[in-house]
Amino acid sequence: MNNKPKLWWQNTTFYEIYVPSFCDGNGDGIGDFPGITSKLDYLKELGIGGIWLTPFYTSPKIDNGYDISDYYNVDPDYGTMADFERFIEEAHRRDIRVIVDLVLNHTSSHHAWFQESKSSVSSPKRDWYIWKSPEGKALPNNWESFFGGSAWEWDEPTGQYYYHAFAKEQVDLNWANPEVREAMKDVMGFWLDKGIDGFRLDVINFLKVSGEFQDNPYDDKGEQIHRYDQNQDGILEAIHEICQYVHQREGIFMVGEVGSEDMDILSRYSGSGLLDVVFNFNLGSQEQLNPERLYRELQLMEAKHRRDQLPTLFFSSHDMQRHISRFGDGDPSLEERRARLIATLMLTAKGVPFIYYGDELGMRNHVANRIEDMRDIQGLGHYEVALKNGRTEEEALAIARAKSRDYSRSPMQWNGEPFGGFSSREPWIGMGPHHTQIHAETQQKQTDSIYSYYKQLLSLRRRHPALFGGDYAKLEMRDQAIVYTKRSDEHEAVVALNFGSEPLQLNLSDWANRELHLAAASQKSVSLDGPSAVIPPHTAAVWLS
Ligand code: GLC
Ligand code: CA
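Every chain's residues receive numbers from 1 upward, in the order its sequence appears when written. Key to labels: chains lettered from A, ligands numbered from 1, both in the order written. This being a predicted model, a pLDDT of at least 70 is required before a residue's local features are given, and a value of 80 or more before pairs of side-chain atoms are given or counted; all residues contribute to the totals for chains, interfaces and linings. Note that the side-chain values use all heavy atoms of the structure and ignore hydrogens as well as water.

Caption draft 1: Region of the structure containing the environment of Ala-533. Summarising the element assignment, Ala-533 is placed in strand β22 (residues 532-535). On a C-alpha basis, the gap between Ala-533 and Pro-503 in space is 10.0 Å, while along the polypeptide they are 30 residues apart. Note on definitions: a residue-residue contact is assigned when non-hydrogen atoms from the two residues lie within 4.5 Å. Not counting residues within four places of it along the chain, the set of residues in contact with Ala-533 comprises Leu-504, Gln-505, Leu-506, Leu-508, Ser-527, Leu-528 and Trp-543. Runs of E in the DSSP output that reach at least two residues are strands. Runs of H or I that reach at least four are helices, and both are numbered from the N terminus.

Here is the structure:
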């Protein structure tokens, strides 16, 4: 990657909005476009440059919209098409770009295409999905669904199984069929005509399964390895075709979700003629804070990306637990300090950052203690399977809790009202912990809040070439600290992330050619004596020249 960004997304910080949980404009307990539009000034003030919207299309919402039944409409829970258009207009008026999440791999079972496909074996749309005749009634193979149980669902009237990598209501399309590809290009064209600036492509490495349908192997923990149902031959051709179509229009950004921590797999999917970037799960998805591992992943990202590739930087999402809770070791005195360290890494390292809504406030994981409070199909699906396998309700709940993705999906905490200012009535999912104390209203007024720290970092990143662009001139591990220098022409940035519980001594003249000034510190107490600096435990510092 050239260290001087040429395309808008190369120096943009994105903000993921989980649409049902951001702001409820009409008081029905569900987030919507009028709500989101009313918060654009908040996002502008924070300093983000792009929004990623999770799916908002018409959907029965078995998987909160990742099960689309009409690709050409806005789900009534989220507003009208006019509300969507107004949102785009208002975002653009504030110089905020918008990318939309598109699910190309599967449709809802309620989609008219699937209804037609399942109507008979000779339906003209039969081949739009993946149907398989069994030997007797035996399952076609051992492939498992990510939401629990077999990935094959029996269709009694036509005597065949259909394939679903996720819920049985999310039916995998057959991307080997050129009609499917054309249909999806038409969908993309429709939203591009509405003025969107790009797509986040859901589970894009799932588009093809092996034509041999071999059984998948298992790892030593008994978990299935998805060898034959992901990353199959021919997939890059399909992605190339849609990227070519989309890139006929200038400046459209394509980010793909490739659910893998293997950098060799990830790097296949982006670059010239393919996706612009893919999400780097290897960096942000660790269960516990492990600075050595973070350092190794940063090194690996540097080594494995070609010059035409840029990594992504993210540590929370609607599928992951919030990093503040994951990395805090249950210790309230560490949670926020570590969250600020991660924020510093995310907003100063090389790559395209994606902030998850509420992380800028230090919102914690929401925990559903009873099965009735659980909303996520991944938790609920595994609960059902566990009960069927003879587990007790208590055991099944423990399994469901481990699989559930509700943790990070609780309503945005705008103020100290009972429903966080998100809605005037009880929201569709429970509020996060301490929501009457942790919220935007007070943090916006406090200069030392985590919100203000994010805002400061974002402002630095927008303005300083060695932060929004730049290459690593040095990247090292010192005890429990990660330290790097980034350079862009005459600009330099030095970042020290002290994850350890001992102070870190740094001689800044070893790190930069120029004189530096301290531009940001995650705690107040970084001390400087000439070129030598002491960074307290659990503290980050950023110097610029
Ligand atoms: C992606 C989404 C996730 C969804 C799945 C199936 O991983 O991020 O939320 O459940 O795809 O569409
Ligand atoms: Ca609403």
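Caption draft 2: Inspection of the site of ligand 1 at higher detail. Contacts to ligand 1 come from 14 residues, most closely from Asp-63, Asp-202, Glu-257, His-318 and Asp-319. Here a polar contact is taken to be a pair of N or O atoms separated by no more than 3.5 Å, where protein atoms must pair a possible hydrogen donor with a possible acceptor and residues adjacent in sequence count only if both atoms sit in side chains. Contact between ligand 1 and Asp-63: an oxygen atom at 2.5 Å from a side-chain N or O atom of the residue. At 3.0 Å from an oxygen atom of ligand 1 is found a side-chain nitrogen or oxygen belonging to His-106. Protein contact buries 96% of the 310 Å² of open area that ligand 1 shows by itself. When the residues that make up the shell around ligand 1 are grouped by side-chain class, the tally is four nonpolar, three polar and seven charged. A molecule or strand has a residue near it when one of that residue's heavy atoms lies within 4 Å. Accessibility throughout is a Shrake-Rupley quantity obtained with a 1.4 Å probe, and a residue counts as covered only by protein chains that appear here. Amino acid classes used here: Ala, Val, Leu, Ile, Met, Phe, Trp, Tyr, Cys and Pro are nonpolar; Asp, Glu, Lys and Arg are charged; the rest, including Gly, are polar.

Caption draft 3: Summary view of the coordination of the calcium ion (ligand 2). Metal-coordinating donors are taken as N, O and S atoms lying within 2.8 Å of the metal, or within 3.2 Å when the metal is Na, K or Ca; because water is left out, some sites can appear incomplete. Within the protein, the calcium ion (ligand 2) binds to Asp-24 (OD), Asn-26 (OD1), Asp-28 (OD), Ile-30 (O) and Asp-32 (OD); these donor distances fall in the range 2.3 to 2.4 Å. All donors of the calcium ion (ligand 2) come from a single chain, and their spacing in sequence reads D-x1-N-x1-D-x1-I-x1-D.

Caption draft 4: A look at helix α12 (residues 377-388). Helix span, as expected, comes to 1.5 Å for every residue beyond the first. The end-to-end C-alpha distance of α12, which contains twelve residues, comes to 16 Å, matching closely the 16 Å that a straight helix rising 1.5 Å per residue would cover. Among all positions in α12, only Ile-377, Gln-378, Gly-379, Gly-381, His-382, Tyr-383 and Ala-386 are buried. Looking at the buried residues of α12, the elements they touch are α13 (393-403). Among the residues trailing α12, Gly-390 stands out with phi positive, at a value near 90°. Throughout, exposure labels follow a simple rule: accessible area from a 1.4 Å probe, protein chains only, divided by the maximum for the residue type, with under 20% read as buried, over 50% as exposed, and the rest as partly exposed.

Caption draft 5: Region of interest: the packing of aromatic side chains. Stacked, tilted and edge-to-face are the three classes assigned to paired rings of Phe, Tyr and Trp, where Trp is represented by its six-membered ring and a pair needs centres within 6.5 Å; plane angles under 30 degrees give stacked, over 60 edge-to-face, the rest tilted. Taken as a whole, this structure holds 44 aromatic pairs when the rule is applied. Plain terms: the ring middles of Trp-8 and Phe-14 are 5.9 Å apart, the flat faces sit at 55° to each other, and that makes the pair tilted. Relative accessible area serves as the criterion here: at 12%, Trp-8 is assigned to the buried category. Note on Phe-14 and Phe-253: the rings are 5.2 Å apart at their centroids and 20° apart in plane angle, and the pair reads as stacked. Within this pair, whereas Phe-14 is found in strand β1 (residues 14-17), its partner Phe-253 is found in strand β12 (residues 253-256), the two being separated by 239 residues in sequence. Classification of Phe-253 as buried rests on a relative accessible area of 0%.

Caption draft 6: Molecular detail of the sheet that holds β12. Strands are labelled as partners when DSSP assigns at least two bridges between them. Spatially, the eight strands line up as an open sheet ordered β13-β12-β11-β5-β2-β1-β15-β14, and their pairing is parallel. Strands with a single pairing partner mark the edges of an open sheet, and in this sheet they are β13 (277-278) and β14 (312-313). The sheet contact formed by β12 and β13 spans two bridges and is parallel. Opposite Gly-256, over in β13, you have Val-278 as the bridge partner. Throughout, an axis means a line fitted to C-alpha atoms (over the contacting stretch in the case of helices), and angles, computed between N-to-C directions, take values from 0 to 180 degrees. Strands β5 (97-102), β11 (198-201) and β12 of the sheet are contacted by helix α5 (residues 178-193), whose axis makes an angle of about 135° with β11.

Caption draft 7: Region of interest: the environment of Gly-358. Structurally, Gly-358 is set in the loop between β15 (352-356) and α12. Taking the C-alpha atoms as reference, Gly-358 lies 34 Å from Asp-229; in sequence the two are 129 residues apart. Here Gly-358 is in contact with Tyr-15, Arg-322, Met-363 and Met-412, once residues within four sequence places are set aside.

Caption draft 8: Fine view of the nonpolar core. For our purposes a nonpolar core is just a set of buried Ala, Val, Leu, Ile, Met, Phe, Trp, Tyr and Cys residues, chained together by side-chain atoms within 4.5 Å. One finds Tyr-15, Leu-53, Phe-84 and Phe-199 to be the most contacted residues of the largest nonpolar core, which totals 123 residues. Not counting residues within four places of it along the chain, the set of residues in contact with Phe-199 comprises Ile-99, Val-100, Leu-102, Met-188, Trp-191, Leu-192, Val-246, Phe-253, Met-254 and Val-255.

Caption draft 9: Looking closely at the pairing of strand β8 (residues 152-155). For β8 and strand β9 (residues 160-163), the ladder comprises four bridges, and the chain directions are antiparallel. The partner of Trp-152 across the bridge, within β9, is Tyr-163. Counted between consecutive antiparallel strands, the loop separating β8 from β9 contains four residues, among which Gly-159 sits at a positive phi close to 65°.

Caption draft 10: Molecular detail of the pairing of strand β17 (residues 481-488). Across the eight residues of β17, seven count as buried, placing the element largely inside the fold. Sheet topology note: the strand β16 (residues 471-478)/β17 ladder contains seven bridges and is antiparallel. Residue pairing across strands places Leu-475 opposite Tyr-484, the latter belonging to β17. Hairpin connection of β16 to β17: two residues between the antiparallel strands, including Asp-479 at a positive phi of 50°. The pairing of β17 with strand β18 (residues 491-498) spans eight bridges and is antiparallel. Each residue of the ladder has a partner; that of Ala-481, found in β18, is Asn-498. Between β17 and β18, which pair antiparallel and follow one another directly, the connecting turn spans two residues, one of which, Asp-489, has a positive phi of 45°.

Caption draft 11: Highlighting the side chain of Arg-461. With respect to the element layout, Arg-461 can be found in helix α15 (residues 450-463). All tallies of charge rest on Lys and Arg as positive and Asp and Glu as negative; His and the ends of each chain are not included. Take a side-chain nitrogen of Lys or Arg and a carboxyl oxygen of Asp or Glu: if they are within 4 Å of each other, that pair is a salt bridge. This buried residue, Arg-461, is left without a salt bridge; Asp-471 holds the nearest opposite charge, at 11 Å. A polar atom in the side chain of Arg-461 sits 3.2 Å from the backbone oxygen of Ala-349. What Arg-461 contacts, discounting residues up to four positions off in sequence, is Thr-13, Met-346, Leu-347, Thr-348, Ala-349, Gly-351, Pro-353, Leu-467 and Phe-468.

Caption draft 12: Layout of the packing of α12 against α13. Axis separation between α12 and α13 bottoms out at 8 Å; the angle between their running directions is 150°. The angle between α12 and α13 places the two elements in the roughly antiparallel class. Considering how the two elements wind past one another, α12 and α13 form a crossing that is right-handed. Each of Gln-378, Gly-379, His-382, Tyr-383, Ala-386 and Leu-387 in α12 lies in contact with α13, whose residues at this interface are Glu-393, Ala-396, Leu-397, Ile-399, Ala-400 and Lys-403. Grouping the amino acids of the contact of α12 with α13 by side-chain chemistry returns seven nonpolar, three polar and two charged. Any angle between 65 and 115 degrees counts as roughly perpendicular, while under 35 counts as roughly parallel, over 145 as roughly antiparallel, and the rest as oblique. Note: crossing handedness is left-handed where the near helix turns anticlockwise from the far helix by less than a right angle, and right-handed where it turns clockwise.

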